[in-house]
Structure formats: structure tokens, C-alpha cells
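# Chains, contacts and geometry: an overview
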Amino acid sequence: MTKVFHLSVECYPVAKVGGLADVVGALPKYQKKLGIDACVVMPWYDRPFVNNHPFTVVHQGSFYQGSERFDFQIYKEQENSLGFELYLIKIPGKLDRSEVYCYPDEGEQFIAFQHAFLQWLKDKEIVPDILHCHDHHVGLIPFLVRHSRDFSFLSGCKTVVTVHNGQYQGWMNWNKGILLPAFDTWKWGLLDWDGLINPLATAIKCCDAYTTVSEGYLEELYEEANGLQTLFSDERHKSFGIVNGIDTDIWNPETDHSLAKNYAVKSVKTGKASNKKQLCKQYGLDAKLPLLAFIGRFAAEKGADLLPEILFNVFKENENKISIFILGSGDQLIQSHIQKLVEPYSGRLAVYFGYDENLAHAIYASADFILMPSRVEPCGLNQLYAMKYGTLPIVNSIGGLKDTVLDINDTDGYGIVFQKAAITDVCYAVKRAMDYSEQTDLYKKNQQKMMQLDFSWEKSAQRYLNLYNQLLN
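Residues numbered from 1 in each chain as written. Predicted model: local features only at pLDDT ≥ 70, side-chain atom pairs only at ≥ 80, totals over all residues. Heavy atoms only, no water.

## Comments concerning the overall build of the protein chain
Along its length, the protein chain carries 16 helices and 17 strands. The C-alpha atoms of the protein chain give 23 Å as radius of gyration, which agrees with the globular expectation for 473 residues (23 Å, within 12%). Judged by the C-alpha coordinates and their principal axes, the protein chain covers about 65 × 45 × 45 Å. By sequence separation, contacts in the protein chain at least 24 residues apart represent 71% of the contacts at least 6 residues apart. Distance between charge centres in the protein chain, computed from 46 positive and 56 negative side chains, equals 4 Å. (Helix = DSSP H or I, 4+ residues; strand = E, 2+ residues; numbered from the N terminus. Rg over C-alpha atoms; globule rule 2.2 N^0.38 Å. Contact = heavy atoms within 4.5 Å. Lys, Arg positive; Asp, Glu negative; His and termini not counted. Charge placed at Lys NZ, Arg CZ, Asp CG, Glu CD.)

So this is what it looks like as C-alpha cells:
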């Protein structure tokens, strides 16, 4: 049985910031169903899941990061409640905090996490078949198993790197190099990109294969990747685009515990109406009007900087004909601009600053349309969740959105697609969605069609299995 260790700093429901967590929390479970012995290793966090589930310490060890000694513990979740083995690495003073990102020493945290993981494998003489590294936070692993004498016993392991977002690369000044485990200094160039240690670049150079979370995003990385486009292109011989799936154990309107009323394909109209009635009552909106929603980070790459002007124009063009719900957090300037619109559009605009998983589920079940004006979207899961719940996606034609949403005017299409993240394009797309929803019978048939599309993890998990077999044979 192929032994796979997934390395990540996020995993739903342990610690989630974005889509990375959803992927790492689902893919191993579906790989287990295919006969892969998959597990997840991540940092220990002071969070509800960790505090409310039983863990046992399965190993204790130590290592030096520069001249500083760190002790670490490996915690194993006892119940396998996620459908796979979960291991947490705790390092007092480094990996014992509540948040995933934004600490001033996060580069040192990520180095310590990777070093402790490798030291654990060495101490216990564990040799997996595949080390599957997710994003730059664990991007040094493929280098260290090849070029650090301490971990040469792992040189036969195959390394796979999944790029969830190539814009973030983990740059560090070279004065951090002394913190890495001892390595063959002749190979320092594998760590370097434009005079900095670049963990993502290192991962792409050293791994046996790299994947992106959609085929469309892979093609985009060849053209623009925050300075790494030439590297991605040069290494394209070992690249694979595998679109993410959704975990239908969690995202399923028939069984979702977060909903006011569950519904199936045949009952989508009444089911969504019931959920919308409950949500609108709670947030002071008119349930009789079409509901447009945005769920996501307030960041330019998500097109969130466009939201204030989009809101103004959509409300102006559709006076008393539409309600809008925004769930998100991030850039404080964007948030303040949105906040200023809450009072003028009271009764038509509802805003929740932050993230609430149950509320997100309720919005998908209630909304008529989900808006994604992203400038960068490696895969995108929101459009997949929306369609599973019978909600029409309005998306920019980019990355994974382009791969997963076909326009209603195209053969077998089912969504609304626009070609540029610009105010006029978005507003026209919203108008198209409004007009389409007025064709009641056609709109309902399209809802049922979307709900039956297969974006489950089974197909994607099989593609990863095929990749593993290709590397091991």
C-alpha cells in the first residue's frame, strides 16, 4: 500500500484560512478510499478542534535551529475523526499558537515545522513512498531530502508539490540560511531566486512532480507567476493540472446540518426559498427579491476592491429589485468602504465581517447568485459549492473558474461568465443573471443541472493516484 504524507499548515476543520484547508482536509480521505495509506502532518494550533479532540503524544525529539535547541512533540489524533490519520507537531515557542499566519517570525516557524517533521521520520526510521507538500510553507522538504546528509535516508522518497497559489512564495533573506538543517552548500543555488531564499522556487526545482489545482491555472503560471513564470515553464515536463473537488460529506444540501431546511435536486426551488426566508429574516433583507452573494477574502486578487463600486452600480441599475449579502474579511480599506454602504442600503445589503462556516453554508443554500470577480483564482471552490446548492455562479474567466464554469450561452453551459474583472463587465453579468432568473422554468432546470454536476473528489483523487503510480513505477 502506497504510504503518503501530506504536509500543510492548514487542514479543515483543524485550522482554516482559505481553500488550502478544504483540499488538505478532503483529499487524503478520498485517497484512503482508493487504497492509499494517506495521512496529514501539520503544526499544532491552540484551536477548538485540537482542544476538543483526544490526542496522544507518539514521539518526542529535538533539533537545533542555528544555535538554538528546540524540543518538539508529535501528537496523533486518537479517533481518526477526519477519515485519515492526523499528526500535529508542537514546538514550544514556535508551533503552539492560535493563528496560522501573520506572525513576524513565520519564516522561522515554517523552517522549524519542516525540520521537526524530518527529524521525526529519522528518529522513528519512517520512510514514506510519497511526500506531498502543499504550498511554499513546506517547500524546502524536496530540497532537504535530496541535499541534507541528515535526511539522506529519505532520498528514495518521491516528492510532489501542489501549488495552491503561486503568488505567495515564502521569500526569506539569506541570513535565515543558517537556520536550515545542514545541507550541501554546493547546492545553495537551488534555494536562491533573485538573491533571496525562495521556498516555492526551491520546491519546483527539486520536486519529482508539481501540480496546480486546475489546468487553467497551470497554463497561467507559465505566463505570470510573480516572477517564477520562467521556472514553471522550464519545469513543465513534470507539471500536472488537477482540479480540486468538493467534499460531498460536508457540502451536500440534502444532509447539511447548517441549513434551515435540507433539499434535494427535485425540491431545490422550495428548499432554497425556505433557507432564503430564514436568512433574510435574520439579516433584515427582503426574501422576495433575488439574492446576490459574495463570500471571500477582501483582497485585490479576489476582485474585492471592486465591490463598493459594484454595489453602488448594481443597486442603482436594479432599484428595489435585488438584495446583496457579503461575507468576508481582509483588507481594512476595502472593509471600511463596504461598511460605509451598509446604512445607505439598509434592508438591501447585509454584511458580515469575518468568516463563519455555518453562515457560509446558509448563504450558498439561500442565494440565487454567487459573484466571483477574481483576478487570480487557481481553482476556486466557492463556485463548486454554489452549484452543488443550486446557486448560479457569476465568474471571471480565469484559472479554475474558466475550467469549471461554462456560460449559459455555450453548449451545455450553466453559469454566467465575464471576460474581465472590471465594473462594467461585472454589472452586465449581474444583469444577465437577473434576466435569466426571470425565465422561471429554464432557471429551475439549470439549478437542477448544476446540482448534478460531478465535481466530487473521487475523480481528482484518482488522478493523484495515477500520478503517484507513475512516479513509483
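## With respect to the nonpolar core
If you look at the biggest cluster of nonpolar residues, it comprises 73 residues, and the most contacted ones within it are I326, L349, I363, Y364 and I394. Looking at which element gives the most residues to this core, the answer is helix α14 (residues 423–437), with 8 residues. Formed by 55 residues, the second largest nonpolar core is a distinct cluster that contains L131, L144, F151 and C206. (Core = buried A, V, L, I, M, F, W, Y, C linked by side-chain atoms within 4.5 Å. Buried < 20%, exposed > 50% of the residue type's maximum accessible area, 1.4 Å probe, protein only.)

## Here we look at the sheet that holds strand β17 (residues 416–418)
Spatial strand order, β14-β13-β12-β15-β16-β17: 6 strands in an open sheet with parallel pairing. In this open sheet, the two edge strands, each paired with only one partner strand, are β14 (349–353) and β17. Neighbouring strand axes in the sheet, compared pairwise and without regard to direction, differ in orientation by 15° on average. Where strand β16 (residues 392–396) and β17 come together, 3 bridges link them in parallel fashion. (Pairing = 2+ DSSP bridges. Axes fitted to C-alpha atoms, helices over the stretch in contact; angles between N-to-C directions.)

## Description of the environment of I91
Here I91 shows up in the loop between β5 (85–90) and α3 (106–124). Exposure remark for I91: the relative accessible area of 0% places this residue in the buried category. Sequence spacing of I91 and F113 is 22 residues, and the spatial spacing of their C-alpha atoms is 8.2 Å. Discounting residues that sit within four places of it in the chain, I91 has contacts with F63, F70, D71, F72, D96, A112, F113 and A116.

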